[in-house]
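Here are the chains, one letter per residue:
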Amino acid sequence: MTNWDTARNDGAITYKNGSMYALANAFMLAYDYGTPRLLSDYKYDVNDNGAPGATETAVPDVDFSQTCSTKDADWNCQQRWTTTRGMIAFHNYVHGTAAEHWQDDGANSIAFSRGGKGFVAINNSTESKEAEYSTTMPDGEYCDVYAIQDCSKTVTVSGGKIKASVPAMQAIAIYGGATKATHPDFKVAVEPSTPDVVIPNNTVKPDDQTTTVWYKPTKKWGKVFVHHGAGSDWTAVPGEQMEGRDAQGYYKKTIDTKGEEHQICFNDGGGDWDSDNGKNYLIAKGITQVGVENGALRVGNPEAVTGQTRLLVHYKPASDEFTANRGVYVWGKDAAGAELAGQHLAFTGEDCYGKVAEPKFDGTFNNLNFIITTDGWNKFGGDRSAKVAADGTAEVWVDGTGADDVTLDKAPADYRCTAQKVDVTIHYMRNDGLYFNAADADTKVPQWDVWTWNFNTNGFAAKFKSHDDWGGLALASFNNYAYPAAADGTSDFGMLRRYGADEWKRKDGGDDDIKMTASALVFDKATNSAKAEVWMLQDDSTVYTAR
């Protein structure tokens, strides 16, 4: 249940959850636990949105009598909702009594009494609930204070029983102080700021509702089109033209599947078709990569994606740097013995320490050699070597104001960069291709995401809403960050791959906390921001900082 500290956190129930939010407030006010804290806030589209009309220095005064006269205003006005007002009165009346006579259906319907003073039944399902409840309240006719504020709806207790139909996504609440004789007279049955009841569509769709198709025709077609659809909703013939052909012989196109099972077939834009003998090729719901070749569809990218090694150089400029304008000259030999031809690269950024270069090279290297120099060989120091860590990055610091023969592989004491915002790009490759598993009927949300956090940010789920040639792609943003690195080089950014969303059915990579290494972070002094990009593989606990 959200409060003013958690309103933007993933997993918190907010006004964006519709009628579930009103039910959660009702339970908070009805149950005998803790001190209820009711949030009244405003609508927002982006997590960092401020109050309506606010500037960096001021929030305008609001006439809430006018603003809360409609449910469509920029402010939510939760404190005025009929469901809230009635439950506040309920809470105050039953104070000091215990919750008892708990009843539930094992799913989404609960009910309980508060001594002999009050009773509540909550139905958090998409269908109405017909039930006979037990209660310790005296027999009589009581106002349903959750549904209405003028007592035009009542609930009858007879012989310690309540026979009632609780509407979908609604509740009933009665207490001893709310009868037709004692309930205050209201001019309106429902406060106008009260939102409409929303019955959710519980159909679960994949976070990523696109599929990239690779196709290798058996005939020499000049052009290739993919014709695709589901039911009666298909592309117009001949379909969408595919890109290619590439060096490995494939044509490629990313198509919109709308998150549903999808059929595809191929043609040359004329009369020649490959439709799997009229059956079409079937893409299962949630599959994001398929390859079609020789009459067979296989899940995943059929093409090889080259691995890379990353070099991250931090250079505190020497006293003559303004005129020298040095860069980084890099060379080496990969693990297979292939030579990396020497190349001079410019520094591309600046952090709190100095200049930054972040080149990436195809192949796997154990070491990379480099020199801080101009392209005319005005060097600071001589040849240097950077050892590549297990995450695929070699990170070093060179102090141009100090000894010219020192290369540090751990952050120096004066490397204390900060960022107002950190954007993290997360890549995830599953060998089985099942980022969403439509065949799993036992899991409410049968898809993978990444549960991430740091010391300054509560945990939230980063969703794989798109993909690239390598695999699933998720984005996560954090605010107000200061660089800390443990002795082993890890950061405090957690990266847990979980299946089943909040059910936490499975974790990939092991049960321990998995952290991103600090070498993933690249700070930008000019924008007071930082970025990171990481890659993760199925059944591998390492968070790689190079592809």
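Residues numbered from 1 in each chain as written. Predicted model: local features only at pLDDT ≥ 70, side-chain atom pairs only at ≥ 80, totals over all residues. Heavy atoms only, no water.

Some thoughts on the pattern of salt bridges
So, point 1. A full pass over the atoms with the stated rule returns 26 salt bridges.
So, point 2. Across the pair aspartate 414 and lysine 316 runs a salt bridge, and its minimum N-O distance is 2.6 Å. Here lysine 316 lies in strand E19 (residues 308–316) and aspartate 414 lies in the loop between strand E27 (393–399) and strand E28 (418–429), a separation of 98 residues in the sequence.
So, point 3. With its nearest N and O atoms 3.3 Å apart, the salt bridge here joins arginine 498 to aspartate 502.
So, point 4. Under the relative-accessibility criterion, arginine 498 is labelled buried at 1%. (Salt bridge = Lys/Arg side-chain N within 4 Å of Asp/Glu carboxyl O. Helix = DSSP H or I, 4+ residues; strand = E, 2+ residues; numbered from the N terminus. Buried < 20%, exposed > 50% of the residue type's maximum accessible area, 1.4 Å probe, protein only.)

Some points on the sheet that holds strand E25 (residues 367–373)
So, point 1. The 4 strands lie next to each other as E21-E20-E25-E26, forming an open sheet whose pairing is antiparallel. Lying at the two open borders of the sheet, with one neighbouring strand each, are strand E21 (339–345) and strand E26 (379–387). With strand direction ignored, the average angle separating the axes of adjacent strands in the sheet is 15 degrees.
So, point 2. Where strand E20 (residues 327–333) lies against E21, 5 bridges are found, and the strand directions are antiparallel. Within E21, the position partnered with glycine 332 by the bridge is leucine 340. (Pairing = 2+ DSSP bridges. Axes fitted to C-alpha atoms, helices over the stretch in contact; angles between N-to-C directions.)

Some remarks on helix H3 (residues 82–94)
So, point 1. Between its first and last C-alpha, H3 extends 18 Å over 13 residues, near the 18 Å set by a 1.5 Å rise per residue.
So, point 2. Here H3 has its buried residues at Thr82, Thr83, Thr84, Gly86, Met87, Phe90 and Val94.
So, point 3. Contacts made by the buried residues of H3 are with helix H1 (19–30), strand E2 (109–114), strand E3 (118–123) and strand E8 (170–175).
So, point 4. A positive phi of about 95 degrees marks glycine 96, the residue just after H3. (Expected span 1.5 Å × (residues − 1). Contact = heavy atoms within 4.5 Å.)

Let's talk about the sheet that holds E2
So, point 1. Read from one edge to the other, the open sheet built from 4 strands follows the order E1-E2-E3-E8, with strand pairing classed as antiparallel. The open sheet has two free edges, formed respectively by strand E1 (99–104) and E8, since each of these has just one partner strand. On average, adjacent strands in this sheet sit at an angle of 10 degrees to one another, irrespective of strand direction.
So, point 2. Strand direction decides the pairing type here: E2 and E3, joined by 6 bridges, are antiparallel. Counted as the bridge partner of serine 109 is asparagine 123 from E3.

Some details on the packing of aromatic side chains
So, point 1. Taken as a whole and judged by the stated rule, the model has 33 aromatic pairs.
So, point 2. Taken together, a centroid distance of 5.8 Å and an interplanar angle of 45 degrees make the contact between tyrosine 329 and tryptophan 331 tilted.
So, point 3. Given the relative accessible area of 22%, tyrosine 329 is considered partly exposed.
So, point 4. Relative to tyrosine 481, the ring of phenylalanine 455 lies with its centre 5.9 Å away and its plane at 50 degrees, an arrangement referred to as tilted. Separated by 26 residues along the polypeptide, phenylalanine 455 in the loop between strand E29 (448–454) and strand E30 (457–467) and tyrosine 481 in strand E31 (residues 472–482) bring together distant segments of the chain.
So, point 5. Accessibility expressed as a relative area gives 1% for tyrosine 481, which makes it buried.
So, point 6. Geometry around tyrosine 44 places lysine 16 over its ring, the cationic atom sitting 4.6 Å from the centre.
So, point 7. A cation over a ring is seen here: arginine 506 above tyrosine 499, with NZ or CZ 4.5 Å from the ring centre. (Phe/Tyr/Trp six-rings, centres within 6.5 Å; stacked < 30°, edge-to-face > 60°. Lys NZ or Arg CZ within 6 Å of the ring centre and 35° of its normal.)

Points about the pairing of strand E32 (residues 490–499)
So, point 1. Summarising burial for E32: 9 of the 10 residues are buried, a large majority.
So, point 2. Of the pairings in the sheet, the one linking E29 to E32 comprises 6 bridges and is antiparallel in character. Across the sheet, the residue bridging to valine 450 is arginine 497, located in E32.
So, point 3. In terms of strand pairing, E32 meets strand E34 (residues 515–517) through 2 bridges, oriented antiparallel. Along E34, the bridge assignment pairs threonine 490 with threonine 517.
So, point 4. In the sheet, E32 pairs with strand E33 (residues 506–508) via 3 bridges, with the strands oriented antiparallel. For tyrosine 499, the partnering residue across the bridge sits in E33 and is arginine 506.
So, point 5. Counted along the chain from E32 to the antiparallel partner E33, the turn is 6 residues long, and its residue glycine 500 has a positive phi close to 95 degrees.

Description of the state of the cysteines
So, point 1. Inspection of every chain in the model, using the stated rule, returns 3 disulfides.
So, point 2. A sulfur-sulfur distance of 1.8 Å marks the disulfide that ties cysteine 143 to cysteine 151. Residues cysteine 143 and cysteine 151 are joined by a disulfide whose S-S torsion is about -85 degrees; by sign, that bridge is left-handed.
So, point 3. In the protein chain, the bonded cysteines, taken in the order they occur along the sequence, pair up as 1-2, 3-4, 5-6. (Disulfide = S-S within 2.5 Å.)

Describing the nonpolar core
So, point 1. Val422, Val424, Ile426, Met516, Leu521 and Phe523 are the most contacted members of the largest nonpolar core, which totals 38 residues.
So, point 2. Mapped by element, the contributors of at least two residues to this core are E28, E29, E30, E31, E32 and strand E36 (529–537).
So, point 3. With 5 residues, E28 is the single largest residue contributor to this core.
So, point 4. Apart from the residues within four sequence positions on either side, valine 422 is in contact with Ala476, Ser477, Phe478, Tyr481, Phe493, Leu521 and Ala530.
So, point 5. If you look at the next biggest cluster of nonpolar residues, it comprises 21 residues, including Leu23, Ala30, Tyr175 and Ala178. (Core = buried A, V, L, I, M, F, W, Y, C linked by side-chain atoms within 4.5 Å.)

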